[in-house]
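Chain by chain, the residues run as shown.
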Amino acid sequence: MPGVDLPFKAPSSGDITWVFDPSSLTCLGSKKTALLAVGATDQLSRVPFR
């Protein structure tokens, strides 16, 4: 699921884009480092479940 982005200009660091979850509006991070999914596993190399 893609996030909703909110771009703005910051005086010290230039252009910044924050990314939000579209259903909960939880901040996922910046456009470069957004957290798009979280999962857990109990064994190394196993695909995480959500």
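Data block above holds the structure.
This one's a predicted model, so the numbers in the text were calculated from it and none came from an experiment.

Draft legend 1. Up close: the overall build of the chain. A count of helical and extended segments in the chain gives zero helices and three strands. Along the chain direction, N to C, the helices and strands of the chain fall in the order β-β-β. By sequence separation, contacts in the chain at least 24 residues apart represent 2% of the contacts at least 6 residues apart. When the accessible area of the chain is evaluated, it comes to approximately 4,400 Å², of which 62% is carbon and sulfur surface.

Draft legend 2. Focus on the pairing of strand E3 (residues 27-30). Two strands pair when backbone bridges link them, and strand E2 (residues 14-20) and E3 are joined in this way by three bridges, in the antiparallel orientation. Pairing of Trp18 across the sheet is with Ser30, part of E3. Linking E2 back to E3 in an antiparallel pair, the connection comprises six residues, with Leu25 at a positive phi of about 60°.

Draft legend 3. Just a nonpolar patch on the surface, in detail. Where nonpolar side chains cluster on the molecular surface, the patch consists of Leu6, Phe8 and Trp18 and spans about 270 Å² of accessible area. Here Trp18 falls in the partly exposed class, since its relative accessible area comes to 34%.

So, how was this worked out
Residues numbered from 1 in each chain as written. Predicted model: local features only at pLDDT ≥ 70, side-chain atom pairs only at ≥ 80, totals over all residues. Heavy atoms only, no water. Helix = DSSP H or I, 4+ residues; strand = E, 2+ residues; numbered from the N terminus. Contact = heavy atoms within 4.5 Å. Areas by Shrake-Rupley, 256 points an atom, 1.4 Å probe, with all protein chains shown as cover. Pairing = 2+ DSSP bridges. Patch = residues over 30% accessible without salt bridge, like charges linked within 9 Å, V, L, I, M, F, W, Y side chains within 5 Å. Salt bridge = Lys/Arg side-chain N within 4 Å of Asp/Glu carboxyl O. Buried < 20%, exposed > 50% of the residue type's maximum accessible area, 1.4 Å probe, protein only.

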